[in-house]
Amino acid sequence: MAEFDLRDLYGKYEGFAEPICKVFLGGKDPCEEKKSNLSYSDFNVELSSDFKASLATFILIGGFDESNGFYDMKVLKKYIGLGTAVKILLGHGPSMMEVFKGYIARVEFVYHPYDELLGVVRITAMDIKGIMMANNSSKRLNANYYSDAVDEIFQGTTYQDLVQREIITDLDVRSTPDKPSSPAGGAPAPAGPPGETPDNRIEMVAESDYDFVVRAAKKFNFEFFSIGGNVTFRPAKSNTQELIDIMPASIIQDFDIGYDITGLVGEVKVRTLDIAKAQKIEVKKKNNATFSLSGKAKSLVSSQVYVYTDSSIETQEDADMRATYIMEDMSYRFGSLSMTFSGIPEIVPGRFITLSGFGDGISNKYYLTDVIHTFGDDGYLTTIIGKASTL
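In what follows, the accompanying structure is described. Given the structure is predicted, the values throughout are model-derived calculations rather than measurements.

Along the protein, the regular secondary structure elements total 8 helices and 22 strands. Each principal axis of the C-alpha atoms in the protein carries an extent, and together these give about 80 × 55 × 45 Å. By the burial criterion, 46% of the 391 residues in the protein qualify as buried. Here the contacts in the protein between residues at least 6 apart in sequence split such that 70% fall between residues at least 24 apart. Looking at the protein as shown, the accessible area adds up to about 19,700 Å², and 49% of this sits on carbon and sulfur atoms.

Dropping the structure here:
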């Protein structure tokens, strides 16, 4: 059963007839200060579960003195400082909910003498990935396992400051397969052989925090993203509960759904060399997807093999995880979805949705990689971008 029912949401938002929005900058809503005479519009919020930062852009209106041709910084400065916390809520009628949380990364003063709005302030906000991309370092962490290393990074001063400012509100870091499970009953793990204990601490090598976490995610077929201050590092597509079942309805503006076998293979082989044992390691993964649009597609794909060789893979387990990641990444190129409908703030990336009642070639289960919320002259709309591995 899906988490949300489209009919229930239609009632909650009173037919999606009256779009509303609110933005908090540094914890304050500019519109609530009457003396400021500020308003906002042209929101574009891009959320992603892929390895890229989520961002939001919008404009502040009313901070430009048209008669004298200058920006009133006395009014604006309390809202537009770089690094200021940003929270955006969207909805319809009496209900709205948070769709974005981040910080101001860019401020632009835009003047167009022939536009109805002569001067506005355009703000670009990013989630925590923008900060994570900035640094670059080579160092040995204290952690011996990758999930502990990811958690260690987020315990750093920079990110704890974001926690204090409520830009990060929740951190969900799941254990990676390299971390052994605790023995039953909480008993200590058995001691290793006597002698000097090897230093197995994880290293960062000339990379940013972002690059390191993404590398760890790809190594173990994990996903890493941030939605509304909730930072997630977990096995890919692990939340299998359907978010919503979408049926043909008047709220749908348009959609583009396609299937493409270009680049698909029937088998992935990952090869490396176990130097300690002087023997070859090879792992094979079959593509078990169902291609029901054509009986010929399966035979074409099955004959194709992708061979991946990587000397950084050291064990059979590493090779198996890498093969799983490559095959899953390839198989999800098969089906693509783009659909725009009346704005629904509950829709987020990193979840599965179902299309029902659209016909056999369209009705399917899709994994959402991107969700785009827009608010402006055309009202409040949501565009979803997804992919499917089977049909």
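Spatially, the 3 strands line up as an open sheet ordered S17-S16-S18, and their pairing is mixed. Edge positions in the sheet fall to strand S17 (279–286) and strand S18 (305–309), since each has one partner strand and no second. Adjacent strand axes in the sheet meet at a mean angle of 20°, parallel and antiparallel pairs treated alike. Bridge analysis of strand S16 (residues 267–274) against S17 gives 8 bridges, and the strand direction is antiparallel. Bridge pairing in S17 links Val 270 to Val 283.

This brings us to the packing of aromatic side chains. In the structure shown here, the tally under the stated rule is 17 aromatic pairs. Ring geometry for Tyr 40 versus Phe 43: centroids 5.7 Å apart, planes at 80°, classification edge-to-face. Across this residue pair, the class does not change: Tyr 40 and Phe 43 are buried. For Phe 43, a relative accessible area of 2% translates into the label buried. Following the ring pairs from residue to residue traces out a cluster consisting of Tyr 146, Phe 212, Phe 220, Phe 222 and Phe 233. We note Lys 365 situated over the ring of Phe 352; from NZ or CZ to the ring centre the distance is 4.9 Å.

Counting 31 residues, the largest nonpolar core has Leu 25, Phe 58, Val 86, Ile 88 and Phe 100 as its most contacted members. With 4 residues, the single largest contributor to this core is strand S2 (residues 39–48). Membership of the second largest hydrophobic core comes to 28 residues, among which are Ile 202, Met 204, Tyr 210 and Met 321.

This part takes up the sheet that holds strand S10 (residues 170–173). Sheet strands pair via backbone hydrogen bonds, and the direction of the pair is either parallel or antiparallel. A sheet is described by the order of its strands in space; here 3 strands give the open sequence S10-S13-S12, paired in mixed fashion. The strands lining the two open edges of the sheet, one partner per strand, are S10 and strand S12 (222–227). Taken pair by pair, the neighbouring strands of this sheet meet at an average axis angle of 10°, ignoring direction. The sheet contact formed by S12 and strand S13 (residues 230–235) spans 6 bridges and is antiparallel. From the neighbouring strand, Phe 225 faces S13, where its bridge partner is Thr 232.

The subject of this paragraph is the side chain of Asp 318. Secondary-structure assignment places Asp 318 in helix H8 (residues 316–331). Since its relative accessible area comes to 16%, Asp 318 is described here as buried. Those residues in contact with Asp 318 that sit more than four places away from it in its chain are Lys 219 and Ile 313.

Now for H8. Note that an α-helix has 3.6 residues per turn; residues three or four places apart therefore point the same way. Along its 16 residues, H8 runs 22 Å from first to last C-alpha, staying within 8% of the 22 Å computed at 1.5 Å per residue. All of the buried residues in H8 are Asp 318, Ala 319, Met 321, Arg 322, Ala 323, Tyr 325, Ile 326, Met 327, Glu 328, Met 330 and Ser 331. Looking at the buried side of H8, the elements it contacts are helix H6 (209–219), S16, S17, S18 and strand S22 (379–388).

Let us now look at the environment of Gly 119. With respect to the element layout, Gly 119 can be found in strand S8 (residues 119–126). The exposure class of Gly 119 is buried, given its relative accessible area of 10%. Expressed as a C-alpha distance, the spacing of Gly 119 and Ser 311, which sit 192 residues apart in the sequence, is 56 Å.

Quick look at unusual backbone geometry now. Here the phi dihedral of Glu 14 falls at roughly 50°; this positive angle occurs in a residue that is not glycine. Secondary-structure assignment places Glu 14 in the loop between helix H1 (6–12) and strand S1 (19–25). Classification of Glu 14 as exposed rests on a relative accessible area of 51%. A positive phi angle, close to 55°, is found at Asp 42, a residue other than glycine. Looking at the secondary structure, you find Asp 42 in strand S2.

Cut-offs applied
- Residues numbered from 1 in each chain as written.
- Predicted model: local features only at pLDDT ≥ 70, side-chain atom pairs only at ≥ 80, totals over all residues.
- Heavy atoms only, no water.
- Helix = DSSP H or I, 4+ residues; strand = E, 2+ residues; numbered from the N terminus.
- Buried < 20%, exposed > 50% of the residue type's maximum accessible area, 1.4 Å probe, protein only.
- Contact = heavy atoms within 4.5 Å.
- Areas by Shrake-Rupley, 256 points an atom, 1.4 Å probe, with all protein chains shown as cover.
- Pairing = 2+ DSSP bridges.
- Axes fitted to C-alpha atoms, helices over the stretch in contact; angles between N-to-C directions.
- Phe/Tyr/Trp six-rings, centres within 6.5 Å; stacked < 30°, edge-to-face > 60°.
- Lys NZ or Arg CZ within 6 Å of the ring centre and 35° of its normal.
- Core = buried A, V, L, I, M, F, W, Y, C linked by side-chain atoms within 4.5 Å.
- Expected span 1.5 Å × (residues − 1).

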